[in-house]
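# Geometric and topological summary
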Amino acid sequence: GSLFADLTIVQKVESSGVMGQPPRNGTMTIYIKGSMAKIENMGPSMSEVVDLDSGRFSMINAAQKTVMVMTADQMKQFAGMMGQSGAMTPVAQELGHSKTVNGYSCEEYKVTTSGMVSSETLACISDQIDTKDMERFRKFSEDLSKQFGGLPPEIKGYPVVSDAKITVMGQNITTHCELVSVSHDAIADSIFVVPSDYQVMEMPKMQQ
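Figured I'd write up the structure that's included with this text.

Cut-off values and rules
Residues numbered from 1 in each chain as written. Predicted model: local features only at pLDDT ≥ 70, side-chain atom pairs only at ≥ 80, totals over all residues. Heavy atoms only, no water. Disulfide = S-S within 2.5 Å. Helix = DSSP H or I, 4+ residues; strand = E, 2+ residues; numbered from the N terminus. Buried < 20%, exposed > 50% of the residue type's maximum accessible area, 1.4 Å probe, protein only. Pairing = 2+ DSSP bridges. Axes fitted to C-alpha atoms, helices over the stretch in contact; angles between N-to-C directions. Salt bridge = Lys/Arg side-chain N within 4 Å of Asp/Glu carboxyl O.

Attention now goes to the state of the cysteines. Applying the stated criterion to the full structure yields 1 disulfide. Through a disulfide, Cys-106 is tied to Cys-124; the S-S separation comes to 2.1 Å. Torsion about the S-S bond of the Cys-106 and Cys-124 cystine: about 95 degrees, corresponding to right-handed handedness. In this pair, Cys-106 sits in strand 8 (residues 104–113) while Cys-124 sits in strand 9 (residues 117–126), placing the two residues 18 residues apart along the sequence.

Given below as structure tokens:
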């Protein structure tokens, strides 16, 4: 654990409403401590926890007080099924434009995907943010992230601002994400603990 520093990243997130959900305007926080990671407020009342030691991924719904646990193998199986549906690996194009956002200099990229989920994202990537502690977690879920427009692995650095247009099953979504802060203050272990009164849901069986 001494090899890695605790890391907290706070991002501003705005998105249009889709599938009955209202528009969103709030913050999302990423916590990383050793082999544990948590993305808090990734959606309305939704968070996820990744435990590299056990190879498990937990999706937490605070509103319903439920948690669904997936193994790495189940995530890869799901990603494979998405690939069969026609999703494609994101394709990135460096635009040759530089700017400064919230004190971080960054380079602009255009990232596109097509298939069941199609998207076009304009992202400004900074190499001034130390992301080595995140790399292990990216590898854990990179098969899944490819299906939903994640950044290609050849792009190094962290997006300090991004604007995306996404089409999912015929519905259009727009999102805006902007880096607010990066901290290496100590993180309490309790951040990653699912409340004991939450109901554990079984992962639905996936048919080929």
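Here the focus is unusual backbone geometry. Phi is positive for Asn-41, close to 65 degrees, though the residue is something other than glycine. The class for Asn-41 is partly exposed, based on a relative accessible area of 35%.

Attention now moves to the environment of Asp-189. Positionally, Asp-189 belongs in the loop between strand 11 (171–183) and strand 12 (199–201). Under the relative-accessibility criterion, Asp-189 is labelled exposed at 54%.

Turning to the sheet that holds strand 9, a few remarks are in order. By definition, the strands of a sheet pair up through backbone hydrogen bonds, in either a parallel or an antiparallel sense. Pairing is mixed across the open sheet formed by 12 strands, whose spatial order is 7-8-9-10-11-1-2-3-4-5-6-12. Each having just a single partner strand, strand 7 (91–101) and strand 12 make up the two edges of the open sheet. Between one strand axis and the next, the sheet turns by 20 degrees as a mean value, whatever way the strands run. Of the strand pairs in this sheet, strand 8 and strand 9 are connected by 7 bridges, and their pairing is antiparallel. Counted as the bridge partner of Lys-110 is Leu-122 from strand 9.

So, about the pattern of salt bridges. A full pass over the atoms with the stated rule returns 7 salt bridges. Residues Asp-6 and Lys-33 are paired through a salt bridge, measuring 3.1 Å at the closest nitrogen-oxygen approach. Of this pair, Asp-6 sits in the segment before strand 1 (7–15) while Lys-33 sits in strand 2 (residues 24–33), and the two are 27 residues apart along the sequence. Residue Lys-33 is classed as partly exposed on the basis of its relative accessible area of 23%. Notably, a salt bridge pairs Glu-40 with Lys-38, separated by 3.3 Å at the nearest N-O pair. We classify Lys-38 as buried; its relative accessible area is 11%.

As for its position among the elements, Leu-52 is in the loop between strand 4 (46–51) and strand 5 (56–61). A relative accessible area of 25% means that Leu-52 is categorised as partly exposed. Sequence spacing of Leu-52 and Gly-34 is 18 residues, and the spatial spacing of their C-alpha atoms is 9.0 Å.

Sheet topology note: the strand 1/strand 2 ladder contains 9 bridges and is antiparallel. Paired with Ser-15 across the bridge in strand 2 is Arg-24. Here 5 bridges tie strand 2 to strand 3 (residues 36–43), and the two strands are oriented antiparallel to one another. Bridge pairing in strand 3 links Tyr-31 to Lys-38. The hairpin turn running from strand 2 into strand 3, its antiparallel successor, is 2 residues long, and Gly-34 in that turn takes a positive phi close to 60 degrees.

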